[in-house]
Number of protein chains: 2
Amino acid sequence: MTVSKAAEKSAEATAKGAEAARARKDAPDDAGEALQLGELSEQLGYVLKRAQLKVFENFLHCMASLQLTPAQFSVLLLVEKNPGRNQTEVASTLGILRPNFVAMLDNLESRDLCARIRSTNDRRSHILVLTDKGKAVLSRAKKLVATKHEARLNELLGGANREALIAMLSKIANEF
Amino acid sequence: MTVSKAAEKSAEATAKGAEAARARKDAPDDAGEALQLGELSEQLGYVLKRAQLKVFENFLHCMASLQLTPAQFSVLLLVEKNPGRNQTEVASTLGILRPNFVAMLDNLESRDLCARIRSTNDRRSHILVLTDKGKAVLSRAKKLVATKHEARLNELLGGANREALIAMLSKIANEF
DNA sequence: CGATATTTGATATGGTCCATAACAATTATC
DNA sequence: GATAATTGTTATGGACCATATCAAATATCG
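- Looking at an unreviewed UniProt entry, chain A carries the name Transcriptional regulator, with the source organism given as Bradyrhizobium iriomotense.

Here's what the structure looks like:
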């Protein structure tokens, strides 16, 4: 920004709200008046967070019939892929702190989706396994995610872009 | 779960768990034993959330000297770009609920970064403006973000990919 | 072996963010 | 001019995240 422009801006700004308000009121149709996002729409963190909220919202909507949150779905997926691991291992790979993982497992276990089993090798640890119901629910959940959730992303971005997006996000998650 | 089913599960699971544990112990180098992420690494929500956490973490680190959170930065940016708007307008464009916006503004105002001004048109509303200090801090914040934060993304993805990523995330945020 | 340290699941607790209800002051509507 | 709607605010509760701490079990080391 040039100096003169800055001066103009400053003067305009000191006269500030009143003038801006009048200018808006003089506009043809004075209903919506959306704010200018400006540089915000280029900020990685801003757009990333808003996209994440939208995706989670859609995920919850798709999973309404199964009552699974994204976090719960990730636990079921991980336990299915890695049976016989204990709470500490599963929690830490998901970035969940052990204390906070307890209530989460209490919930899944109370719904008979997974089970804690005392390890015979190390009687301190609880080994995690999916129940039959847990496997069935997870199977249905996967189908719902594929057909309703990820399919939505495909029709929005296209398959190639979808893969590129996942790859870039993974890179950020792992190397940033 | 029925009693009989529980008993079956318990037996099957203990066997599977022990088997898996032995299998891992027989592995060549038995140190880390990272879990298999499996389909999780392809889940949009999962990778999106983890990327967002990493980006926010890096943002806070870059902003340590200015003590600005991503949300605070977004408020300053929006108020700078749209002077003379009231709390409701600014909060709603950022997806912040008015009640929660109050404490946020209290904080920024107590640090003399922005100011609430009673509107003369509508004495209910408070018009938001950046203070001189607020403008100066925001200016420094922008430089920090550009040189330390977004630059990091550029060297990780490359400029073209960075723009493509922002564009796709924006599309998701707006059209998903 | 036995004393000490570490690990595991769990509880308690506090902080932050998000969401809703309700309120006084002000303005809009009829 | 009575009623409804809006603005900023407070109070409050829930969800999520982080730390300290504990008992039980195991590992470590003298």
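Further notes follow.
### What to know about the protein's contact with DNA strand C
Then, number 1: Among the 17 residues in the neighbourhood of DNA strand C, the closest are listed as Q87, T88, R116 and R124 of chain A together with R123 of chain B.
Then, number 2: For DNA strand C, the backbone makes up 60% of the atoms found within 4 Å of the protein, where backbone means sugar plus phosphate.
Then, number 3: Separating a phosphate oxygen of DNA strand C from a side-chain N or O atom of R116 of chain A is a distance of 2.5 Å.
Then, number 4: Contact between DNA strand C and R123 of chain B: a phosphate oxygen at 2.9 Å from a main-chain N or O atom of the residue.
Then, number 5: Elements represented by at least two residues in the surface near DNA strand C include exactly α4 (87–93) and α5 (98–110) of chain A together with α5 (98–110) of chain B.
Then, number 6: For the surface near DNA strand C, the residue count by class is four nonpolar, seven polar and six charged.

### Side note on the interface of chain B and chain A
Then, number 1: The partner chain A presents 75 residues to the 76 residues of chain B that form the contact.
Then, number 2: Approximately 7,000 Å² of surface area, both sides summed, lies buried where chain B meets chain A, with 69% of it carried by carbon and sulfur atoms.
Then, number 3: Taken together, chain B and chain A are joined by four salt bridges.
Then, number 4: One salt bridge in this structure joins E33 of chain B and R85 of chain A, with 3.9 Å as the shortest N-O distance.
Then, number 5: Connecting chain B to chain A are 13 residue pairs in polar contact (both at pLDDT 80 or more).
Then, number 6: Those elements that provide at least two residues to the side of chain B that touches chain A are α1 (3–25), α2 (44–62), α3 (70–81), α4 (87–93), β2 (126–130), α6 (132–157) and α7 (159–175) of chain B.
Then, number 7: Ranked by the residues each element gives to the side of chain B that touches chain A, the list is headed by α2 of chain B, at 13 residues.
Then, number 8: Of the residues in the side of chain B that touches chain A, the class split is 35 nonpolar, 20 polar and 21 charged.

### Structural notes on the packing of helix α6 (residues 132–157) of chain A against α7 of chain B
Then, number 1: The N-to-C vectors of α6 of chain A and α7 of chain B enclose an angle of 120 degrees; their axes lie 11 Å apart at closest approach. Taken together, the axes of α6 of chain A and α7 of chain B lie oblique to each other. When you trace α6 of chain A past α7 of chain B, the crossing you get is right-handed. Where α6 of chain A abuts α7 of chain B, its residues R152, L153, L156 and L157 of chain A lie against M168, K171, I172 and E175 of chain B.
Then, number 2: Within the contact of α6 of chain A with α7 of chain B, the residues separate by chemical class into five nonpolar, no polar and three charged.

### Points about the protein's contact with DNA strand D
Then, number 1: Taken together, 18 residues form the shell around DNA strand D, and within it R123 of chain A together with Q87, T88, R116 and R124 of chain B come nearest.
Then, number 2: Here a phosphate oxygen of DNA strand D and a side-chain polar atom of Q87 of chain B are 2.9 Å apart.
Then, number 3: Separating a phosphate oxygen of DNA strand D from a backbone N or O atom of H126 of chain B is a distance of 3.1 Å.
Then, number 4: Of all the secondary structure elements, the ones that give two or more residues to the surface near DNA strand D are α5 of chain A together with α4 and α5 of chain B.
Then, number 5: When residues in the surface near DNA strand D are grouped by element, the largest group, three residues, is from α5 of chain B.
Then, number 6: Here the surface near DNA strand D is built from residues that sort into four nonpolar, seven polar and seven charged.

### Considerations on the relation of the copies chain B and chain A
Then, number 1: In the superposition of chain B on chain A (RMSD 0.0 Å, axial shift 0.0 Å), the rotation amounts to 180 degrees. Viewed as a symmetry operation, the transformation between the two copies matches a two-fold axis. Of the C-alpha atoms belonging to chain B, the one lying closest to the rotation axis is found on L165 of chain B, 3.3 Å away.
Then, number 2: The share of interface residues of chain B whose copies in chain A are also at the interface is 93%, consistent with both copies meeting through the same surface.

### Quick word on the packing of aromatic side chains
Remark: the centre distance and the inter-plane angle together describe each pair of aromatic rings, the angle taken between the planes.
Then, number 1: Inspection of the entire model under this criterion finds two aromatic pairs over all chains.
Then, number 2: Relative to F73 of chain A, the ring of F59 of chain A has its centre 5.5 Å away and its plane inclined at 55 degrees; by these criteria the two rings are tilted. Highlighted residues: F59 of chain A in helix α2 (residues 44–62) and F73 of chain A in helix α3 (residues 70–81), separated in sequence by 14 residues.
Then, number 3: Residue classification places F59 of chain A among the buried residues on the basis of a relative accessible area of 5%.
Then, number 4: Overall, F73 of chain A belongs to the buried group, its relative accessible area being 3%.
Then, number 5: When the ring centre of F176 of chain B is taken as reference, the NZ or CZ atom of R152 of chain A above it lies at 5.2 Å.

About the thresholds
- Residues numbered from 1 in each chain as written.
- Chains lettered and ligands numbered in written order.
- Predicted model: local features only at pLDDT ≥ 70, side-chain atom pairs only at ≥ 80, totals over all residues.
- Heavy atoms only, no water.
- Near = heavy atom within 4 Å.
- Polar contact = N/O pair within 3.5 Å; in protein donor to acceptor, adjacent residues only side chain to side chain.
- Helix = DSSP H or I, 4+ residues; strand = E, 2+ residues; numbered from the N terminus.
- Nonpolar A, V, L, I, M, F, W, Y, C, P; charged D, E, K, R; others polar.
- Contact = heavy atoms within 4.5 Å.
- Buried area = accessible area lost by both parts, 1.4 Å probe.
- Salt bridge = Lys/Arg side-chain N within 4 Å of Asp/Glu carboxyl O.
- Axes fitted to C-alpha atoms, helices over the stretch in contact; angles between N-to-C directions.
- Parallel < 35°, antiparallel > 145°, perpendicular 65-115°, else oblique.
- Left-handed = near helix turned anticlockwise from the far one by under 90°.
- Least-squares fit on C-alpha atoms with pLDDT ≥ 70 in both.
- Phe/Tyr/Trp six-rings, centres within 6.5 Å; stacked < 30°, edge-to-face > 60°.
- Buried < 20%, exposed > 50% of the residue type's maximum accessible area, 1.4 Å probe, protein only.
- Lys NZ or Arg CZ within 6 Å of the ring centre and 35° of its normal.

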